[in-house]
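Chain by chain, the residues:
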Amino acid sequence: MDFSEIYHFLFETFYGIGCLIGLGLLISLIFCVVLERKTRSIYKNHEKTEDDWSLFDDDEEE
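Every chain's residues receive numbers from 1 upward, in the order its sequence appears when written. The predicted nature of this model means local features are confined to residues of pLDDT at least 70 and side-chain atom pairs, given and counted, to a pLDDT of 80 or more, with totals for whole chains, interfaces and linings taken over all residues. Excluding hydrogens and water, the side-chain figures rest on all heavy atoms present in the structure.

### Notes on the overall build of the protein chain
Counting from the N terminus, the helices are the DSSP runs of H or I reaching at least four residues and the strands are the DSSP runs of E reaching at least two. For the protein chain, the helix and strand inventory stands at two helices and zero strands. When each of the 62 residues of the protein chain is scored for burial, the buried share is 2%. For the protein chain, the exposed surface amounts to about 6,600 Å²; the carbon and sulfur share of it is 62%. Each residue is placed in one exposure class: buried if its accessible area under a 1.4 Å probe, protein chains only, is under 20% of its type's maximum, exposed if it is over 50%, and partly exposed if it falls in between. Shrake-Rupley sampling with a 1.4 Å probe provides the accessible areas, and residues are treated as covered by the protein chains on show and by no other component.

Structure below.
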């Protein structure tokens, strides 16, 4: 199998493009999980203050 066959499969067929998209999603998911774990290990003792905000803030105080 030479480079032109691999190129043709990845960039000129539906299955190849699907493999590229799936591989990109998998790599980004792994990268996000690793970074999230690093962040949680760095800020494990962080307590919430009034200045903290959350993207999913359901505790609206009115």
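Further notes follow.
### Brief notes about the packing of helix 1 (residues 3-12) against helix 2 (residues 14-42)
In this analysis an axis means a line fitted to C-alpha atoms, helices contributing only their contacting stretch, and an angle means the value between N-to-C directions, from 0 to 180 degrees. With their axes 5 Å apart at the nearest point, helix 1 and helix 2 run at an angle of 80° to one another. With respect to each other, helix 1 and helix 2 are oriented roughly perpendicular. Residues F9, L10, F11 and E12 of helix 1 touch helix 2, and the partners they reach there are F14, Y15, G16, I17, C19 and L20. Gly falls in the polar group here, along with every residue not listed as nonpolar (Ala, Val, Leu, Ile, Met, Phe, Trp, Tyr, Cys, Pro) or charged (Asp, Glu, Lys, Arg). Classifying every residue of the contact of helix 1 with helix 2 by side-chain character gives eight nonpolar, one polar and one charged. Small angles under 35 degrees read as roughly parallel and large ones over 145 as roughly antiparallel, with 65 to 115 read as roughly perpendicular and the rest as oblique. We call two residues in contact when some of their heavy atoms are within 4.5 Å.

### Considering the packing of aromatic side chains
Pairing of aromatic side chains here covers Phe, Tyr and the six-membered ring of Trp, requires ring centres within 6.5 Å, and sorts the geometry by plane angle: under 30 degrees stacked, over 60 edge-to-face, intermediate tilted. Scanning the entire structure with this criterion turns up two aromatic pairs. Residues F3 and Y7 carry aromatic rings whose centres are separated by 6.4 Å and whose planes lie at 35° to one another, so their mutual orientation is tilted. Of the two residues, F3 and Y7 both sit in helix 1, four residues apart, roughly one turn of that helix. Residues Y7 and F11 carry aromatic rings whose centres are separated by 5.0 Å and whose planes lie at 40° to one another, so their mutual orientation is tilted. On the criterion of helical spacing, the pair formed by Y7 and F11 is a turn pair, its members being four residues apart in helix 1. A network of ring pairs unites the aromatic residues F3, Y7 and F11 as a single cluster.

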